[in-house]
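# Structural overview
In case you want the letters, here they are:
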Amino acid sequence: MEFATFILAAQRGYHQSSESVIRNSIEQAVASEQAGFNTAWFAEHHFNNYSLIPSPLMMVAHCAGLTSTIRLGTAVCVLPLYQPQRLLSEIGFADIVANGRLELGVGLGYQQFEFERFGVDIDEAPAVFSEYLDIILKGLNQNVFEHDGQYEKIPPTAISVRTVQQPTPPIWIAGGAARMARAYREGHNFFVTAFHDGLETLTTLRESVERAAASEEKNVTDVKISLLRCCYASHDELEINSYLDNARFQRRLSEALHQRRQQSHDGYLLQETPTQQDLSFETMRKNLPIGSVNRVIDRLLEEIDVLKPDQIAVQTQLGDFDQKTMLRQIELWGDKIIPAVNKALCHAGS
């Protein structure tokens, strides 16, 4: 089983500077390598405090100089917000400076707040994503490519800065059943999340994966699946409650942005608003790999048995959770949780 950290780089309030959030995120990526995680993923968002990483490829390029073994990934580059021609060169540049360690995650986006400020119609995002991914694949696979589509018309073009990994870095897709089917059709990996739900939702996700593979006449194991998950191990109730509080804060903002409603008094800092979809801390602890080390290990093994992912991506940088505590948490995963889970899986496999 591969393990990753998923770094959102959130800012819960003005008591956190943008500089501190970014530097904490970088420090967590470096700590992830030291702890033995396979990959560090960086999100992309714009214009509010939900996430402060405007370019995950910039984070990859910077962290490449501070690390040597960990894979560095974009989760995700929101394709409709890019010029695909320019993005191709930036992908090549990031993979070069990372010595071939780039994992390229792409998605279509969901936050109207962002799309409006880029002058992009969010209702066209699925179609734009599909065409732009076609362009990215052409540019990565062909020395000279051209494109004549609905949204872009590109004359014969060569990308001068090409990836170290040939023909392409591993490509990961986010964004629902249609994109899942495309992943199987073209051999890409994909992200899934059960948010703060439990085994029932993971069972439903597994069924969706199996349908997508069957629809393309593929085996489920033909591509990799990464499960983005809130996880936390501790015997300290205050620590656990702080992590849960920050996870629920993040989910409240995500839901508001997904439903195309935002609450902001100053045009930037989104206001956290309780909703009917909120789960209690007790329910979140029941649903998620959260609690003692043994509880987290046992719960992860249950979830792996149901969903059968290839990677667990642990959400680290949430809200204003204490940085020193999170760095200790990352170290704890490397020391105890990751080895225990992989040992148990090896015994089960044998």
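The structure contained in this document is the topic of the report that follows. Keep in mind it's a predicted model, so treat the numbers as computed, not measured.

## Considerations on the environment of Q165
Looking at the secondary structure, you find Q165 in the loop between strand 6 (153-158) and strand 7 (171-173). Residue classification places Q165 among the buried positions, given a relative accessible area of 15%. Placed 73 residues apart in sequence, Q165 and G92 show a C-alpha to C-alpha distance of 9.1 Å. Beyond its immediate stretch of four places on either side in the chain, Q165 contacts R71, D95, G100, R101, L102 and P170. Of the polar contacts made by the side chain of Q165, one reaches the side chain of R71; its length is 2.8 Å. A polar side-chain atom of Q165 sits 2.7 Å from a polar atom in the side chain of D95.

## Notes on helix 11 (residues 323-349)
End to end, helix 11 covers 37 Å across 27 residues, agreeing with the expected 39 Å (1.5 Å per residue, within 8%). The largest bend along helix 11 measures about 45° and falls at W333. What helix 11 keeps buried is the set Q323, T325, M326, Q329, I330, L332, W333, G334, I337, I338 and V341. Summarising the contacts, the buried residues of helix 11 are in contact with strand 1 (2-7), helix 1 (18-35), strand 10 (232-233), helix 8 (237-258), helix 10 (293-307) and strand 12 (311-315). Near the N-terminus of helix 11, the side chain that reaches the backbone nitrogen of K324, with its oxygen 3.4 Å away, is that of D322.

## Things to note about the pairing of strand 12
Moving residue by residue along a regular strand, the side chains alternate between the two faces of the sheet. The buried count for strand 12 comes to 5 of 5 residues, which makes it a mostly enclosed element. Burial along strand 12 is two-sided: Q311, A313 and Q315 facing one way and I312 and V314 facing the other are all buried. Judged from the 4 bridges that link them, strand 9 (residues 225-229) and strand 12 form a sheet pairing that is parallel. When the bridges of strand 12 are listed, L227 appears paired with I312.

## Examining unusual backbone geometry
That bond from A75 to V76 is cis: its omega, 5°, falls within 30 degrees of zero. For V76, the location among the structural elements is in strand 3 (residues 71-78). Each neighbour pair has its own omega, and for Q166 with P167 the value is 0°, a cis peptide bond. Locating P167 in the fold gives a position in the loop between strand 6 and strand 7. Although it is not a glycine, A9 adopts a positive phi angle of roughly 60°. Within the secondary structure, A9 sits in the loop between strand 1 and helix 1. Non-glycine residue N99 carries a positive phi angle of around 55°. The exposure class assigned to N99 is exposed, which follows from its relative accessible area of 63%.

Criteria and cut-off values
- Residues numbered from 1 in each chain as written.
- Predicted model: local features only at pLDDT ≥ 70, side-chain atom pairs only at ≥ 80, totals over all residues.
- Heavy atoms only, no water.
- Helix = DSSP H or I, 4+ residues; strand = E, 2+ residues; numbered from the N terminus.
- Buried < 20%, exposed > 50% of the residue type's maximum accessible area, 1.4 Å probe, protein only.
- Contact = heavy atoms within 4.5 Å.
- Polar contact = N/O pair within 3.5 Å; in protein donor to acceptor, adjacent residues only side chain to side chain.
- Expected span 1.5 Å × (residues − 1).
- Bend = angle between axes of the 7 residues up to and from the residue.
- Pairing = 2+ DSSP bridges.

Coordinates in, geometry out; function isn't part of it.
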